[in-house]
Amino acid sequence: MTGATVRVLPAPLHGPEFGSYAADDVSWLLKNLSDVALEADVAERERKIQAGAAHYAESLPIEYQPDASYRALFDDVLVASAERLALAVATVSELVVAERGEDIVLVSLARAGTPIGILMRRWLQARRPSLMVPHYAVSIVRDRGIDGVALEYLAQHHDPDTIVFVDGWTGKGAIARELAAALDDYRAAGGPRFDSDLAVLADPGHCVRTYGTRDDFLIASACLNSTVSGLISRTVLNEALIGIEDFHGAKFYRELADDDVSKHFLDTVSEAFGAVRERVDAQVAAVRASDRTPTWTGWASVEEVRRQYGISSVNFVKPGVGETTRVLLRRVPWRVLLREADAPEHAHIRMLAAARGVPLEVVGDLAYSCMGLIKDVHR
């Protein structure tokens, strides 16, 4: 920070010592908690979180490992959606450069944003071979804000004006709001100003102005947990483990290496860049010409569903394909709402719901293509 004593901060972590991504793909601004037992039974963890006895970031859910049929479905989904993903990656990347210039540093929100940040970096450097784009991954926690030590590291090593925050998708926009509020707090506390404009692959909630698409479509990396995210857990903020001079933490699930498809996901989407190259400029121009003002219509639709189903908190309503998948993978789901009964890109959701005995309900006028509703375990 300007005018402050520069203190020694932790060093970033890199693969293959931490995570399965290549060292130059991402610098993790995280503390390695791989040797700490943090996993809890999903149902017991949910009870404690909902009772207010624990925060979701203090522990980790036991990683769900899908069976062979689900993995085969992931492979099919990835092949079918690769070009659509590639076009969205290219679009948001070029939109960032058009409005922020080439002197940028990508900072993905771990962990869903990290594969997207790597793909954006690959696209930018493939189209501009001389351009070197640094990429970091940092933790942000709902109700707790972004990692302040990570922000200080970024401010020490880069011009804050060059920082571009990246995530995979928006649901109702809770993280976009969390990011803006946390950066305002950081500035008010004497830190430099970071731009809170969040760049995402998909913005079905209409929460941000920098996106590849606003379609609520399946991003294949949402289908799995750590095995498509460099074998890294979701991030942890537990004051018993994270001191005031530490980055937020995460685990490296080295033991899941045989099931890791992180590189396969990146390579499949990257290989589709050539097929979409001719469409990118027109797509970027169309996005720039449109009204990109966030309307937060997604949040309004979530509030409506909450009222209709008598749900006590909007935190129990998770809209969009990515968020619905997360509910089925690591929470205690109550039911899933679908706009269409047999949409092809919901095949994995139908499979996960069947495996966990979760009812599906078709709601034809749903604002998102699907929503996952978390069970209120205390009712």
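Higher on the page you've got the structure.
Residues numbered from 1 in each chain as written. Predicted model: local features only at pLDDT ≥ 70, side-chain atom pairs only at ≥ 80, totals over all residues. Heavy atoms only, no water.

1. Focus: the nonpolar core
Stage number 1. Counting residues in hydrophobic clusters, the biggest one holds 114 residues, and the most contacted among them are Trp28, Leu85, Ile146, Leu154, Phe165, Phe194 and Phe265.
Stage number 2. Those residues within four positions of Phe265 in sequence are excluded, and the remaining contacts are Leu78, Leu85, Pro115, Leu119, Ala220, Ser221 and Val228.
Stage number 3. Core analysis: the next-biggest nonpolar cluster, separate from the first, contains 16 residues, Tyr309, Val317, Leu366 and Met371 among them. (Core = buried A, V, L, I, M, F, W, Y, C linked by side-chain atoms within 4.5 Å. Buried < 20%, exposed > 50% of the residue type's maximum accessible area, 1.4 Å probe, protein only. Contact = heavy atoms within 4.5 Å.)

2. Regarding the packing of helix α2 (residues 68-100) against helix α3 (residues 113-127)
Stage number 1. Look at α2 against α3: their axes get within 9 Å of each other, and the N-to-C directions meet at 70 degrees. With respect to α3, the axis of α2 lies roughly perpendicular. The two elements α2 and α3 cross, and the hand of that crossing is right-handed. Contacts between α2 and α3 pair Val89, Ala90, Val92, Ser93, Glu94, Val96 and Val97 from the former with Leu119, Met120, Trp123, Leu124 and Arg127 from the latter. (Axes fitted to C-alpha atoms, helices over the stretch in contact; angles between N-to-C directions. Helix = DSSP H or I, 4+ residues; strand = E, 2+ residues; numbered from the N terminus. Parallel < 35°, antiparallel > 145°, perpendicular 65-115°, else oblique. Left-handed = near helix turned anticlockwise from the far one by under 90°.)

3. Topic: empty space enclosed by the protein
Stage number 1. Per the stated rule, a full pass over the model turns up 5 cavities of 30 Å³ or more.
Stage number 2. In this model, the largest cavity occupies a volume close to 590 Å³.
Stage number 3. Lining the largest cavity are 26 residues; nearest its centre among them are Ile175, Arg234, Glu323, Arg326 and Arg330.
Stage number 4. Those elements that provide at least two residues to the lining of the largest cavity are β5 (105-110), β8 (163-169), α5 (174-188), β12 (317-319) and α9 (321-330).
Stage number 5. Tallying contributions element by element places α9 first for the lining of the largest cavity, with 4 residues.
Stage number 6. In terms of residue class, the lining of the largest cavity is made up of 12 nonpolar, 4 polar and 10 charged.
Stage number 7. Lining of the second largest cavity is provided by Arg111, Ala112, Pro115, Trp169, Ser221, Ala222, Leu224, Asn225, Ser229, Arg326, Leu329 and Arg330.
Stage number 8. Examining the composition of the lining of the second largest cavity, we find that 3 residues originate from one element, α9, more than from any other.
Stage number 9. Of the residues contributing to the lining of the second largest cavity, the split by class is 6 nonpolar, 3 polar and 3 charged. (1 Å grid on protein atoms, 1.4 Å probe; cavity = no way out; pocket = protein on both sides within 12 Å on 5 of 7 lines; lining within 4 Å. Points joined across faces, edges and corners; volume = space filled by probe spheres on them. Nonpolar A, V, L, I, M, F, W, Y, C, P; charged D, E, K, R; others polar.)

4. Considering the packing of α9 against helix α10 (residues 347-356)
Stage number 1. At a minimum axis distance of 10 Å, the contact between α9 and α10 shows a crossing angle of 25 degrees. Overall, the two elements α9 and α10 adopt an arrangement that is roughly parallel. In this structure, α9 crosses over α10, and the sense of that crossing is left-handed. Across from Val321, Thr324, Thr325, Val327, Leu328, Leu329 and Arg330 in α9, the residues of α10 making contact are His348, Ile349, Leu352, Ala353 and Arg356.
Stage number 2. Residues that form the contact of α9 with α10 fall into these classes: 7 nonpolar, 3 polar and 2 charged.

5. Quick look at the state of the cysteines
Stage number 1. Applying the stated criterion across every chain yields a total of 0 disulfides.
Stage number 2. Here Cys207 stays unpaired: no disulfide links it, and the sulfur of Cys370, its closest cysteine neighbor, is 15 Å away.
Stage number 3. Residue class for Cys207 comes out buried when judged on its relative accessible area of 5%.
Stage number 4. This cysteine, Cys370, is not joined by any disulfide, and Cys223 carries the nearest cysteine sulfur, 11 Å off. (Disulfide = S-S within 2.5 Å.)

6. What about helix α1 (residues 42-51)?
Stage number 1. Those residues of α1 not exposed but buried are Val42, Arg45, Glu46, Ile49 and Gln50. For α1, the angular spread of the buried residues around the axis is 125 degrees, confining them to a single face.
Stage number 2. Looking at the buried side of α1, the elements it contacts are β3 (39-40), β4 (60-61), α9, α10 and β15 (370-374). (Arc of directions from axis to C-beta.)

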